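# Observations on chain architecture
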Amino acid sequence: AISGTSTATMKLKDKLNQEVKTQLANRGAPAPANTSLKDIIALLSKEPAPLSRQFSVLFLRAAKNQIRNPFLTGARLALATFMGGLMSALFNEMTTNQAGLNDRRLLLSVSCFLPTLLAIAPVVQSFPVEKPTIIREYSAQMYSMWVYNLARATVELPVMFVAPFILSSFIFWIPGLNDADETRFRDF
């Protein structure tokens with residue numbers, strides 16, 4: 001009786017494996033080589049979570065990661081402060097002649113480039129670490145990529161505003177871009 005049961009179980013498992021491969025192929029996902037009966041049932045009954053649930057889970061995970069690693073946030077703010085101080089020191093007391101005009105143009109170009117660099121830096125640092133997890137969870141259809149990116153960007157939004165504000169504060173006030181009107185900082 002034991003050998004008959006195991007043969008019937010093997011036939012059932014082979015049939016279910018074939019069904020899983022067919023359904024995964026219809027979804028465009030690669031079929032696993034060997035799966036347990038528990039995995040087969042989970043794959044066949046897998047429904048994508050609602051977008052609000054996907055966003056809330058990803059948002060909380062990104063927020064926890066940011067809280068767990070305050071060094072990255074501090075490093076971004078310190079880098080903004082350092083670069084603002086460096087630009088202010090390099091372009092201190094610009095003149096109003098042609099050389100001063102060239103200096104202002106260069107300073108404004110750099111002040112447009114640096115906030116972009118500050119925004120890209122954490123993604124470049126964290127993505128290689130998170131890549132295997134993202135690939136595994138995305139291939140299991142746990143969430144869509146745009147929801148993942150939206151949740152990460154929402155968590156990083158406060159720092160994305162504070163770092164450029166610090167940088168702009170240094171660049172606007174110290175080198176003398178405020179010659180005519182101090183209310184222009186809002187527009188800068």
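Report on the accompanying structure. This structure is a prediction, so every number in the text was calculated from the model and none was measured.

## Brief notes about the overall build of the protein
A tally of regular secondary structure across the protein gives 6 helices and 0 strands. Along the chain direction, N to C, the helices and strands of the protein fall in the order α-α-α-α-α-α. Counting all 188 residues of the protein, 26% fall into the buried class. Considering only residue pairs separated by 6 or more positions, the protein has 62% of its internal contacts joining residues 24 or more positions apart. For the protein, the exposed surface amounts to about 12600 Å²; the carbon and sulfur share of it is 66%.

## A closer look at the pattern of salt bridges
This structure, assessed with the given rule, holds 3 salt bridges. We note a salt bridge from Glu130 to Arg152, for which the minimum N-O separation is 2.8 Å. Here the residue Glu130 occupies a position in helix α5 (residues 98-139), and Arg152 occupies one in helix α6 (residues 145-173), the gap between them amounting to 22 residues. This pair shows no difference in class: Glu130 is buried, exactly as Arg152 is. Across the pair Glu156 and Arg152 runs a salt bridge, and its minimum N-O distance is 3.0 Å. Linking Glu156 with Arg152, this pair stays in helix α6, spanning 4 residues, or about one helical turn. Classification of Glu156 as buried rests on a relative accessible area of 10%. Judged by its relative accessible area of 15%, Arg152 is buried.

## With respect to the nonpolar core
Membership of the largest hydrophobic core is limited to 11 residues, which are Ala80, Met83, Met87, Phe91, Met94, Leu107, Leu114, Leu118, Ala163, Leu167 and Ile171. Residues Ile134, Tyr143, Val147 and Ala151 belong to the second largest nonpolar core, which totals 6 residues.

## A short note on the packing of aromatic side chains
Going through the model one piece at a time under the given rule, you end up with 2 aromatic pairs. Ring geometry for Phe55 against Phe59: centres 5.8 Å apart, planes inclined by 25 degrees, an arrangement best described as stacked. Residue Phe55 and its partner Phe59 are located together in helix α3 (residues 51-68), separated by 4 residues, close to a single helical turn. Given a relative accessible area of 25%, Phe55 falls into the partly exposed group.

## Examining the environment of Ser169
Structurally, Ser169 is set in helix α6. Taking the C-alpha atoms as reference points, Ser169 and Thr81, 88 residues apart in sequence, are found 9.3 Å from one another. Here Phe165 takes part through its backbone oxygen, which lies 2.8 Å from a polar atom of the side chain of Ser169.

## Looking at the packing of helix α4 (residues 70-90) against α6
Running from amino to carboxyl end, α4 crosses α6 at an angle of 20 degrees, the nearest separation of the two axes being 7 Å. It follows that α4 is roughly parallel to α6 by the angle criterion. Considering the relative orientation of α4 and α6, their crossing is right-handed. Where α4 approaches α6, its residues Thr73, Arg76, Leu77, Ala80, Thr81, Met83, Gly84, Gly85, Met87 and Ser88 are matched on the opposing element by Glu156, Val159, Met160, Val162, Ala163, Ile166, Leu167, Phe170 and Ile171. For the contact of α4 with α6, the per-class residue count stands at 12 nonpolar, 5 polar and 2 charged.

Procedures and definitions
- Residues numbered from 1 in each chain as written.
- Predicted model: local features only at pLDDT ≥ 70, side-chain atom pairs only at ≥ 80, totals over all residues.
- Heavy atoms only, no water.
- Helix = DSSP H or I, 4+ residues; strand = E, 2+ residues; numbered from the N terminus.
- Buried < 20%, exposed > 50% of the residue type's maximum accessible area, 1.4 Å probe, protein only.
- Contact = heavy atoms within 4.5 Å.
- Areas by Shrake-Rupley, 256 points an atom, 1.4 Å probe, with all protein chains shown as cover.
- Salt bridge = Lys/Arg side-chain N within 4 Å of Asp/Glu carboxyl O.
- Core = buried A, V, L, I, M, F, W, Y, C linked by side-chain atoms within 4.5 Å.
- Phe/Tyr/Trp six-rings, centres within 6.5 Å; stacked < 30°, edge-to-face > 60°.
- Polar contact = N/O pair within 3.5 Å; in protein donor to acceptor, adjacent residues only side chain to side chain.
- Axes fitted to C-alpha atoms, helices over the stretch in contact; angles between N-to-C directions.
- Parallel < 35°, antiparallel > 145°, perpendicular 65-115°, else oblique.
- Left-handed = near helix turned anticlockwise from the far one by under 90°.
- Nonpolar A, V, L, I, M, F, W, Y, C, P; charged D, E, K, R; others polar.

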